[in-house]
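Each chain, written out:
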Amino acid sequence: MSSSFLNVQGLRKSFGGHLIVLDDINFQMEAGERVVVIGPSGSGKSTLLRCVMGLEKIDRGRIELEGARYIEANPKSKKDNFVDIPVRNKVGMVFQHYTLFPHLTVLGNLILAPMRARGESRSSATERAMQLLARLGLESKAGAFPGMLSGGQKQRVAIARALLLDPKIMLFDEVTSALDPELVTEVEGVMLELAEQKMSMMIVTHDMWFAKRIATRVIFSADGRIVEDAPPSKMFTNPSEPRTADFLKKVL
Ligand code: ADP
Ligand code: MG
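Residues numbered from 1 in each chain as written. Chains lettered and ligands numbered in written order. Predicted model: local features only at pLDDT ≥ 70, side-chain atom pairs only at ≥ 80, totals over all residues.

(A) Local environment of the overall build of the protein chain. Broken down by element type, the protein chain carries nine helices and 11 strands. With the C-alpha coordinates of the protein chain rotated into their principal frame, the extents come out at 50 × 45 × 35 Å. Counting all 252 residues of the protein chain, 36% fall into the buried class. For the protein chain, contacts bridging at least 24 residues in sequence account for 62% of all contacts bridging at least 6. (Helix = DSSP H or I, 4+ residues; strand = E, 2+ residues; numbered from the N terminus. Buried ≥ 20, exposed ≤ 12 C-beta atoms within 10 Å, placed from the backbone. Contact = placed C-beta atoms within 7 Å.)

Okay, here's the thing in C-alpha cells:
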C-alpha cells in the first residue's frame, strides 16, 4: 500500500510471451501531476497507458489508484488479471483515432457510458452532457453524427465523453497526431483547460512544444524501461542520460 495517487508496481507486459514491451515498470504520481511520456516509436508508451486503463492483460505487477489496488496480475499466469471495475472506471482515456460510435449522435455517444456504467438516468446524463458541450463550444453539435464533425471536434467530443464519467485521471495517447495542424490547438486548448483545473493526466505526445507547456513531469521510456524521469525544465535542457539526449536531439 502506498500513499501515491497512482502507483504502478513491478509491471511487466509481454505480447505472445516473448516480446517484453514493459519490463518491471515502477512509477508513482501524485494527484494534479501532468506526466508526459516520450520515447521512440514502439517503446511501449501506448501499452503503458493501456495497462493503466485496464485494457491489457499484464504478466506481473499491480496498479493502484488512491491506494486502492484495481489491477493485479495473477501469479498463475494463465488466469485473468484481477480488475476492480468501479476503481478502473475512475480512469478516463482518449485515443489517437476517434473511437466515437458512428451510428450515434454526439449526445448519444456522450450519455451512453453514464447510463450503462453508472445507471444514470437519461435526463440527468443529457443535462450534464449539454453543459459540458456548451463549455467546449460544441452545443450546436449535440444532434450531429460523428461523420459530420471535423477531426478536432471529434477529439473534443471524445474528451467530453471521458469527462462525463468524472475521472480522477485522464490518459491521452497521441490525441492530436492524426489531426490537421490547424485543428491541433483546439484540442490542446481543452487539455490546457483541464490542466488549469488540476486534472491529473498522463499524456503521450510527439509535440515537444506542447509537452513543455503542459507537463509538470516528463518520462523518457525506451526498451521497456523508464530511462529518465525529470521536470520539463531539466528533461528538455539538460537530460542526465545520454540515451535521452540522443532522442531529444532528433525530435526537438
Ligand atoms: P509506442 O506507443 O511507444 O509506439 P506500443 O506500446 O504501441 O509503442 O508498442 C510497443 C511494442 O509492442 C511494439 O513492438 C508493438 O509492435 C508491440 N505491440 C503493441 N500492441 C501489440 C499487440 N496487440 N500484439 C502484439 N504486439 C503488440
Ligand atoms: Mg503509441
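After that view, the rundown keeps rolling.
(B) The environment of Ile-25, seen in detail. Tracing the chain through its elements places Ile-25 in strand S2 (residues 19-29). Residue Ile-25 is classed as buried on the basis of its C-beta count, with 25 C-beta atoms lying within 10 Å. For the pair Ile-25 and Arg-12, spaced 13 residues apart in sequence, the C-alpha separation works out to 6.7 Å. Ignoring any residue separated from it by four or fewer positions in sequence, one finds Ile-25 in contact with Val-8, Leu-11, Leu-48 and Ile-226.

(C) Inspection of unusual backbone geometry at higher detail. Phi at Asp-24 is positive, roughly 55°, even though this residue is not glycine. With respect to the helices, strands and loops of the structure, Asp-24 is situated in strand S2. At Asp-166, a position not held by glycine, the phi torsion is positive, near 50°. With respect to the helices, strands and loops of the structure, Asp-166 is situated in the loop between helix H5 (151-163) and strand S8 (169-173). Take Asp-166: there are 12 C-beta atoms within 10 Å of it, and that puts it in the exposed class.

(D) Structural detail: the site of ligand 1. The environment of ligand 1 is made up of Phe-15, Leu-19, Val-21, Gly-39, Ser-41, Gly-42, Ser-43, Gly-44, Lys-45, Ser-46 and Thr-47. Tallying contributions element by element places helix H1 (residues 45-52) first for the shell around ligand 1, with three residues. Class assignment of the residues belonging to the shell around ligand 1 gives a composition of three nonpolar, seven polar and one charged. (Near = placed C-beta within 6 Å. Nonpolar A, V, L, I, M, F, W, Y, C, P; charged D, E, K, R; others polar.)

(E) Here's a closer look at the sheet that holds S8. Taken together, the six strands give an open sheet; going across it, the order is S7-S8-S9-S3-S10-S11, and neighbouring strands pair in mixed fashion. With partners counted over all chains shown, the strands left at the sheet margins are strand S7 (91-94) and strand S11 (225-230), one partner each. Between one strand axis and the next, the sheet turns through 20° on average, direction left out of account. Relative to strand S9 (residues 200-204), S8 runs parallel, the two being bridged by five bridges. Bridge pairing links Met-170 to Met-201 in S9. Contacting strand S3 (34-38), S7, S8, S9 and strand S10 (217-222), H1 crosses the sheet at an angle of about 150° to S9. (Pairing = 2+ DSSP bridges. Axes fitted to C-alpha atoms, helices over the stretch in contact; angles between N-to-C directions.)

(F) H5, seen in detail. With 13 residues, H5 should cover 18 Å at 1.5 Å per step; its first-to-last C-alpha distance of 18 Å lies within 8% of that length. Of all 13 residues making up H5, 11 are buried, and the element is well covered by its neighbours. Taken together, the buried positions of H5 are Gly-152, Gln-153, Lys-154, Gln-155, Arg-156, Val-157, Ala-158, Ile-159, Ala-160, Arg-161 and Leu-163. Its buried side turned inward, H5 meets S7, helix H3 (106-118), helix H4 (122-135) and helix H6 (181-196). (Expected span 1.5 Å × (residues − 1).)

(G) Structural context of the nonpolar core. Core analysis: the biggest nonpolar cluster contains 59 residues, and Val-36, Val-37, Val-52, Leu-171 and Phe-172 have the highest contact counts within it. Apart from the residues lying within four places of it in its own chain, the contact partners of Val-52 are Val-8, Ile-63, Val-91, Leu-171 and Met-202. (Core = buried A, V, L, I, M, F, W, Y, C linked by C-beta atoms within 7 Å.)

(H) Main features of H6. The end-to-end C-alpha separation of H6 is 23 Å, in line with the 22 Å expected for 16 residues at 1.5 Å each. Within the sequence span of H6, burial applies to Val-187, Glu-188, Val-190 and Met-191. Down the axis of H6, the smallest arc covering the buried residues is 145°, so these residues share one side. Residues of H6 that are exposed and angled more than 90 degrees away from the buried face: Glu-182 and Glu-196. Along its buried surface, H6 packs onto H5, S8 and helix H7 (208-214). Looking at the residues trailing H6, positive phi occurs at Lys-198, about 65°. (Arc of directions from axis to C-beta.)

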